[in-house]
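Here's the letter readout for the chains.
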Amino acid sequence: MTDNNDNLGKILEDIGLQPEPIEYGSFHIDFGPPYLPISTGFAAITETKQFIFYLNFGFHVSPERRIDVLRCVSRANWGLIIGNFEFDMDDGHLRFKSSVDLDGVDLIDSLIRNAILGAMKAVETHSESLIKTAIPR
């Protein structure tokens, strides 16, 4: 497991992210320009040998906008093959999750890299419509 976690930190760095270890096997990523509206990320290889990657939007959706954002998330998720947007109706938290089950396979850097880059591409593709829905001007 140690090798996998060392590898994960290196993969995150190679992509150009600056991972901060927060506990064994997990990393916090503090995003800023040019990645806005993403504020933070989380990456981990769990004890059950699953890689999880979250991209958290840097705002919480106000209660009066949550139904509209839920509809927008549902439309965005419809066409996604890998990963999905998650939206908490109780607190307005919006994030994207990508994951890979590594059970029974050797950690292959490209699996992790593709899960991360795919998540970033999905957020890039859909963030404008999500922001317009969540924060109308």
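Residues numbered from 1 in each chain as written. Predicted model: local features only at pLDDT ≥ 70, side-chain atom pairs only at ≥ 80, totals over all residues. Heavy atoms only, no water.

## Things to note about the sheet that holds strand 6 (residues 93-101)
One open sheet holds the 6 strands; their spatial order is 1-2-3-4-6-5, and the pairing between them is antiparallel. Edge positions in the open sheet fall to strand 1 (19-23) and strand 5 (84-87), since each of these has one partner strand only. In this sheet, neighbouring strand axes are inclined to one another by 25 degrees on average, regardless of whether the strands run parallel or antiparallel. For strand 2 (residues 26-30) and strand 3 (residues 38-45), the ladder comprises 5 bridges, and the chain directions are antiparallel. (Pairing = 2+ DSSP bridges. Helix = DSSP H or I, 4+ residues; strand = E, 2+ residues; numbered from the N terminus. Axes fitted to C-alpha atoms, helices over the stretch in contact; angles between N-to-C directions.)

## Brief notes about unusual backbone geometry
The phi dihedral of lysine 49 is positive, around 65 degrees, even though this residue is not glycine. With respect to the helices and strands, the residue lysine 49 is situated in the loop between strand 3 and strand 4 (50-60).

## Observations regarding the nonpolar core
Leu12, Phe51, Phe53, Leu55 and Ile116 are the most contacted members of the largest nonpolar core, which has 37 residues in total. Those elements that place two or more of their residues in this core are helix 1 (2-15), strand 2, strand 3, strand 4, helix 2 (66-78), strand 5, strand 6 and helix 3 (109-134). For this core, the element with the highest residue contribution is helix 3, accounting for 9 residues. In this structure, phenylalanine 51 is in contact with Leu8, Ala43, Ala44, Ile45, Ser98, Ser99, Val100, Leu102, Ile112, Ala115 and Ile116, ignoring residues within four places of it in sequence. (Core = buried A, V, L, I, M, F, W, Y, C linked by side-chain atoms within 4.5 Å. Buried < 20%, exposed > 50% of the residue type's maximum accessible area, 1.4 Å probe, protein only. Contact = heavy atoms within 4.5 Å.)

## A closer look at the pattern of salt bridges
Within the structure shown, the criterion is met by 7 salt bridges. The salt bridge partner of glutamate 86 is arginine 95, with a shortest N-O separation of 2.5 Å. On the accessibility criterion, glutamate 86 (18% relative accessible area) is buried. For arginine 95, a relative accessible area of 26% puts it in the partly exposed group. The shortest N-O distance in the salt bridge between glutamate 124 and lysine 121 comes to 3.9 Å. Of this pair, glutamate 124 and lysine 121 both sit in helix 3, separated by 3 residues, roughly a single helical turn. (Salt bridge = Lys/Arg side-chain N within 4 Å of Asp/Glu carboxyl O.)

## Brief notes about the packing of helix 2 against helix 3
Helix packing for two helices is described by the angle between their axes and how far apart those axes are. It is the contact of helix 2 with helix 3, at a shortest axis distance of 9 Å, that shows an interaxial angle of 165 degrees. Regarding the angle of helix 2 to helix 3, the classification is roughly antiparallel. The chirality of how helix 2 crosses helix 3 is right-handed. In this structure, helix 2 uses Asp68, Val69, Cys72, Val73 and Ala76 to contact helix 3, whose residues at the interface are His126, Ser129, Leu130, Thr133 and Ala134. In terms of residue class, the contact of helix 2 with helix 3 is built from 6 nonpolar, 3 polar and 1 charged. (Parallel < 35°, antiparallel > 145°, perpendicular 65-115°, else oblique. Left-handed = near helix turned anticlockwise from the far one by under 90°. Nonpolar A, V, L, I, M, F, W, Y, C, P; charged D, E, K, R; others polar.)

## A few points about the environment of glycine 9
Mapped onto the fold, glycine 9 is located in helix 1. Separated by 79 residues in the primary sequence, glycine 9 and aspartate 88 place their C-alpha atoms 28 Å from one another. Excluding residues that lie within four positions of it along the chain, glycine 9 makes contacts with Pro19 and Phe27.

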